[in-house]
Amino acid sequence: MRKLAWAARGISAVSGALLLGTLIAPSAVADGGPAPDPHAKKKCGPVARHIASAAPDFSFLLGTVFRLATDREGHAFLNDSRNPGVWIDLQVVPNAPKCVTGVAVSVEENSGGRLTLSLLGKNGVIHEARCTTSSTAYSPTNLPGTCGVGFQPLQATPV
């Protein structure tokens with residue numbers, strides 16, 4: 001009889017533990033649905049992160065640094081050091097490629113400070129936008145208007 005009593009206590013303890021685990025399980029586990037894979041391949045990538053910068057040394061742009069950066073999902077961002085902490089998603093500029101794998105930035109000093117943004121698309125085509133500069137820092141609202149028609153593909157990109 002002692003063996004049966006011990007077995008009965010063991011079964012009720014196991015049943016109680018299972019019930020408790022079911023009641024306190026997170027909802028994602030409880031509903032049995034698969035958890036999203038954080039490393040699942042996105043539509044664009046994953047792509048490597050890139051950064052480029054240009055620091056003109058003339059007139060109203062003296063001391064300014066323009067930075068371009070990408071994230072692992074293929075988005076490109078511009079930072080104007082005159083607007084600290086603000087990173088502008090370049091999708092606000094017309095015709096920007098959807099999946100960016102590389103960036104370059106330059107300032108043409110002899111053309112009044114024209115800023116050239118170059119983005120390498122996943123398909124290997126380089127897209128460039130030429131934006132006018134002024135004493136006003138770039139922001140998400142004023143950048144599109146300074147870049148004319150926006151990004152244009154370079155003909156016969158060799159990549």
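I will try to describe carefully the structure that is included in this document. (Residues numbered from 1 in each chain as written. Predicted model: local features only at pLDDT ≥ 70, side-chain atom pairs only at ≥ 80, totals over all residues. Heavy atoms only, no water.)

## Points about the overall build of the protein
Now for step 1: For the protein, the count of helices and strands is 3 helices and 8 strands.
Now for step 2: Traced from its N-terminal end to its C-terminal end, the protein shows the element sequence α-α-β-β-β-β-β-β-β-α-β.
Now for step 3: Here the protein holds 159 residues, and 32% of them are scored as buried.
Now for step 4: Within the protein, contacts between residues separated by at least 24 positions form 46% of all contacts whose residues are at least 6 apart in sequence. (Helix = DSSP H or I, 4+ residues; strand = E, 2+ residues; numbered from the N terminus. Buried < 20%, exposed > 50% of the residue type's maximum accessible area, 1.4 Å probe, protein only. Contact = heavy atoms within 4.5 Å.)

## Side note on the pattern of salt bridges
Now for step 1: All told, the structure shown has 3 salt bridges when counted by the stated rule.
Now for step 2: The closest approach of N and O atoms between aspartate 80 and arginine 82, which form a salt bridge, is 2.7 Å.
Now for step 3: The partly exposed category is assigned to arginine 82, whose relative accessible area is 25%.
Now for step 4: Within this structure, Glu108, Glu128 and Arg130 form a network of salt bridges that share partners. (Salt bridge = Lys/Arg side-chain N within 4 Å of Asp/Glu carboxyl O.)

## As for the pairing of strand 7 (residues 126-131)
Now for step 1: Pairing of strand 6 (residues 114-121) with strand 7 involves 6 bridges; the strand directions are antiparallel. Bridge assignment links leucine 120 to a residue of strand 7, and that residue is isoleucine 126.
Now for step 2: The hairpin turn running from strand 6 into strand 7, its antiparallel successor, is 4 residues long, and glycine 124 in that turn takes a positive phi close to 90 degrees.
Now for step 3: Note: strand 7 against strand 8 (residues 152-153), 2 bridges, orientation antiparallel. Looking at the pairing, glutamate 128 lines up with glutamine 152 of strand 8. (Pairing = 2+ DSSP bridges.)

## Focus: the packing of aromatic side chains
Centre-to-centre distance and the angle between the planes together describe a pair of aromatic rings.
Now for step 1: Throughout the structure, instances matching the rule amount to 1 aromatic pair.
Now for step 2: Ring geometry for phenylalanine 66 against tyrosine 138: centres 5.8 Å apart, planes inclined by 55 degrees, an arrangement best described as tilted. Within this pair, whereas phenylalanine 66 is found in strand 2 (residues 66-70), its partner tyrosine 138 is found in the loop between strand 7 and helix 3 (143-146), the two being separated by 72 residues in sequence. The burial state of phenylalanine 66 is the same as that of tyrosine 138; both residues are buried. (Phe/Tyr/Trp six-rings, centres within 6.5 Å; stacked < 30°, edge-to-face > 60°.)

## Examining the sheet that holds strand 5 (residues 100-108)
Now for step 1: The strand order across the open sheet built from 4 strands is 5-6-7-8, with neighbouring strands paired in antiparallel fashion. Both outer strands of the open sheet, strand 5 and strand 8, are each paired with one neighbouring strand and no more.

## Digging into the nonpolar core
Now for step 1: In terms of nonpolar packing, the biggest core is built from 25 residues, with Leu78, Leu90, Leu115, Leu117 and Leu143 touching the most fellow members.
Now for step 2: When residues of this core are traced back to their parent elements, those giving at least two are strand 1 (51-54), strand 2, strand 3 (76-80), strand 5, strand 6 and strand 7.
Now for step 3: With 4 residues, the single largest contributor to this core is strand 5.
Now for step 4: Those residues within four positions of leucine 117 in sequence are excluded, and the remaining contacts are Leu68, Leu78, Leu90, Ala104, Val105, His127, Glu128, Ala129, Cys131 and Phe151. (Core = buried A, V, L, I, M, F, W, Y, C linked by side-chain atoms within 4.5 Å.)

## Details of the sheet that holds strand 2
Now for step 1: Pairing within the open sheet is antiparallel, and its 4 strands lie in the order 1-2-3-4. The open sheet has two edge strands, strand 1 and strand 4 (87-89), and neither has a second partner. For this sheet, the mean angle separating the axes of adjacent strands, direction not counted, is 20 degrees.
Now for step 2: Relative to strand 2, strand 1 is paired through 4 bridges, and the arrangement is antiparallel. Among the inter-strand pairings, serine 53 is bridged to a residue of strand 2, identified as arginine 67. (Axes fitted to C-alpha atoms, helices over the stretch in contact; angles between N-to-C directions.)

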